[in-house]
Amino acid sequence: MKRQFKNWTLFFILGLLTLIVGIIAAIVLMTGVSAPDGLYGMFIMLWMIPVVIVIISDRILVWKFGSKGVNKIQFFILLFTAFLCLVRVFANLVQGY
């Protein structure tokens, strides 16, 4: 059991979750009766292309460098993104937005 999940990384798990939720939401929206919902479903499907590219690049990097090193870098990327979001929230609070 442990060997199955040995090469899973943060971006791989988040990418798979995004694909599953996005495809379900897109199918629900595209089978609706209104045109804006169908267009929004198509828009969601178009945004699946960058997610697939990230998953493929993640698998290539794991194959080349190993999952431990890739996970460490991805965790730092996630922390840096969260830090930038906190800085933005703080800047908005200071400006009064």
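These remarks concern the structure in this document.

Rules of the game
- Along each chain, residues carry numbers from 1 onward, in the same order as the chain's sequence is written.
- A pLDDT threshold of at least 70 governs which residues receive local features in this predicted model, and a stricter bar of 80 or more applies before side-chain atom pairs are shown or counted, although totals over entire chains, interfaces and linings include all residues.
- Neither water nor hydrogens contribute to the side-chain values; these are computed over all heavy atoms in the structure.
- Strands are runs of DSSP state E lasting at least two residues, helices are runs of H or I lasting at least four, and both sets are numbered from the N terminus onward.
- For a compact globule the rule gives 2.2 Å times the number of residues to the power 0.38, and the radius of gyration it is set against comes from C-alpha atoms.
- Summary of the burial criterion: residues with accessible area below 20% of their type's maximum are buried, those above 50% are exposed, and those between are partly exposed, where the area comes from a 1.4 Å probe applied to protein chains only.
- Any two residues whose heavy atoms approach within 4.5 Å are treated as being in contact.
- Only the protein chains shown count as cover for residues, with accessible areas throughout obtained via the Shrake-Rupley method and a probe of 1.4 Å.
- Each salt bridge in this description consists of a side-chain nitrogen of Lys or Arg and a carboxyl oxygen of Asp or Glu lying within 4 Å of one another.
- Here a polar contact is taken to be a pair of N or O atoms separated by no more than 3.5 Å, where protein atoms must pair a possible hydrogen donor with a possible acceptor and residues adjacent in sequence count only if both atoms sit in side chains.

Once that is clear, we can look at the overall build of the protein chain. Along its length, the protein chain carries four helices and zero strands. Whereas a compact globule of 97 residues would reach a radius of gyration of roughly 13 Å, the protein chain reaches 18 Å, over 25% beyond that. With the C-alpha coordinates aligned to their principal axes, the bounding extent of the protein chain is approximately 45 × 45 × 20 Å. A burial count over the protein chain gives 18% of its 97 residues as buried. Long-range pairs, those at least 24 residues apart, make up 64% of the contacts in the protein chain between residues at least 6 apart in sequence. Carbon and sulfur atoms form 78% of the exposed surface of the protein chain, whose accessible area is close to 7900 Å².

A few words now on the pattern of salt bridges. Under the counting rule described, the total for this entry stands at one salt bridge. Between Asp58 and Arg59 there is a salt bridge, with its nearest N and O atoms 3.1 Å apart. On the basis of relative accessibility, which here comes to 27%, the residue Arg59 falls in the partly exposed class.

Another point: the side chain of Gln74. When you line up the elements, Gln74 lands in helix α4 (residues 67-95). Polar contacts involving the side chain of Gln74 include one to the main-chain amide nitrogen of Leu10, which spans 3.3 Å. Of the polar contacts made by the side chain of Gln74, one reaches the backbone nitrogen of Phe11; its length is 3.0 Å.

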